[in-house]
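What follows is the residue order along each chain.
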Amino acid sequence: LLRRHGVYYALFKRAGKQIWKSLRTRDPNIARARFEEHRRKFQLMTEMPKKEDIPTFAEAVKATIETCRRDGMKPVTLDGVSTYLNLTGRSFLGPLKISSVQNQHLKEYLRQRYESRSGRSANLDLIHIRKVFRLALERNWRLDDPTTGIKMFAHKEKAIAVPSFQ
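Residues numbered from 1 in each chain as written. Predicted model: local features only at pLDDT ≥ 70, side-chain atom pairs only at ≥ 80, totals over all residues. Heavy atoms only, no water.

A. Spatial organisation of the side chain of Asn123. Locating Asn123 in the fold gives a position in helix H5 (residues 119-138). A residue is classified by how much of its surface remains accessible, and Asn123, at 8% relative accessible area, is buried. Not counting chain neighbours up to four residues away, the residues in contact with Asn123 comprise Met152, Phe153 and His155. (Helix = DSSP H or I, 4+ residues; strand = E, 2+ residues; numbered from the N terminus. Buried < 20%, exposed > 50% of the residue type's maximum accessible area, 1.4 Å probe, protein only. Contact = heavy atoms within 4.5 Å.)

B. The arrangement of helix H2 (residues 57-70) in detail. Relative to the 20 Å expected for 14 residues at 1.5 Å per residue, H2 spans 20 Å between its end C-alpha atoms, a close match to the ideal helical length. By the burial criterion, the buried members of H2 are Phe57, Ala60, Val61, Ala63, Thr64, Ile65, Thr67 and Cys68. On the buried face of H2, the contacting elements are helix H3 (75-89) and H5. Looking one or two places after H2, you find Gly72, whose phi comes out positive at around 85 degrees. (Expected span 1.5 Å × (residues − 1).)

C. Summary view of the packing of H3 against H5. Taken N-terminus to C-terminus, the directions of H3 and H5 make an angle of 85 degrees; their axes are 9 Å apart at the nearest point. The angle between H3 and H5 places the two elements in the roughly perpendicular class. Between H3, through Val81, Tyr84, Leu85 and Thr88, and H5, the contact on the second element is made entirely by Ser121, Leu124, Asp125, His128, Ile129, Lys131 and Val132. Its residues assigned to classes, the contact of H3 with H5 comprises six nonpolar, three polar and two charged. (Axes fitted to C-alpha atoms, helices over the stretch in contact; angles between N-to-C directions. Parallel < 35°, antiparallel > 145°, perpendicular 65-115°, else oblique. Nonpolar A, V, L, I, M, F, W, Y, C, P; charged D, E, K, R; others polar.)

D. Broad picture of the pattern of salt bridges. Scanning the model with the defined rule gives five salt bridges in all. For Glu66, the salt bridge is made with Arg69, and the minimal N-O distance between the two is 3.0 Å. With Glu66 and Arg69 both in helix H2 and three residues apart, this pair spans about one turn of that helix. Take Glu66: its relative accessible area is 37%, and that puts it in the partly exposed class. Among the salt bridges present, the one from Glu108 reaches Arg111, with a minimum N-O distance of 2.6 Å. Within this pair, Glu108 and its partner Arg111 are both found in helix H4 (residues 103-116), separated by three residues, close to a single helical turn. Note on Arg111: relative accessible area 34%, which makes it partly exposed. (Salt bridge = Lys/Arg side-chain N within 4 Å of Asp/Glu carboxyl O.)

E. Molecular detail of the nonpolar core. Among the nonpolar cores identified, the biggest contains 24 residues, and Phe57, Ile98, Leu106, Ile129, Val132, Phe133 and Trp141 are the most heavily contacted of them. Among the secondary structure elements, those contributing two or more residues to this core are H2, H3, H4 and H5. With near-sequence residues (within four places) excluded, Phe57 lies in contact with Thr88, Gly89, Leu93, Gly94, Leu96, Lys97, Ile98, Val101, Ile129, Val132 and Phe133. Judged by nonpolar contacts, the second largest core, of seven residues, contains Tyr8, Ala10, Leu23 and Phe35. (Core = buried A, V, L, I, M, F, W, Y, C linked by side-chain atoms within 4.5 Å.)

F. Layout of the packing of aromatic side chains. Tallying each qualifying case throughout the model produces four aromatic pairs. Ring geometry for Tyr114 against Phe153: centres 4.7 Å apart, planes inclined by 15 degrees, an arrangement best described as stacked. Of the two residues, Tyr114 is situated in helix H4 and Phe153 in the segment after H5; the sequence distance between them amounts to 39 residues. Classification of Tyr114 by relative accessible area gives partly exposed; the value is 35%. Accessibility expressed as a relative area gives 22% for Phe153, which makes it partly exposed. (Phe/Tyr/Trp six-rings, centres within 6.5 Å; stacked < 30°, edge-to-face > 60°.)

What follows is the structure in structure tokens.
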């Protein structure tokens with residue numbers, strides 16, 4: 001419970017981040033009551049499942065593919081998404097818990113993908129990996145998205161030689 005310029009604020013910390021919430025009062029008794037109410041809401045909002053309930057990256061990939069199927073993604077698109085995600089799930093990311101995958105792990109995987117294939121392949125992987133982490137955030141398997149801050153790779157289209165008839 002903090003006071004700034006006469007108004008009380010609630011300060012919550014979670015996973016290294018601070019969340020400030022105005023309590024919109026100058027009265028300390030009302031501020032304490034509102035603080036308790038916000039604290040209860042915050043705890044419910046950020047409650048994490050038990051460690052054994054958090055899936056591995058490979059299991060999260062399967063859940064993402066199933067969610068895409070359930071949401072009515074076209075079969076052709078679903079085939080492409082599942083191909084990329086299954087490839088990613090079989091990489092060194094697969095056995096890691098979804099909650100322990102870090103930004104550095106993803107950058108390393110994408111760098112390897114970029115060097116072995118192309119920037120386009122790495123970018124498609126990043127797009128599909130973001131789907132996995134969106135689902136992880138929705139299901140409270142994670143509190144943050146490690147794909148934020150990862151930029152797309154530059155790639156150049158190869159020029160196609162068109163024969164001339166002159």
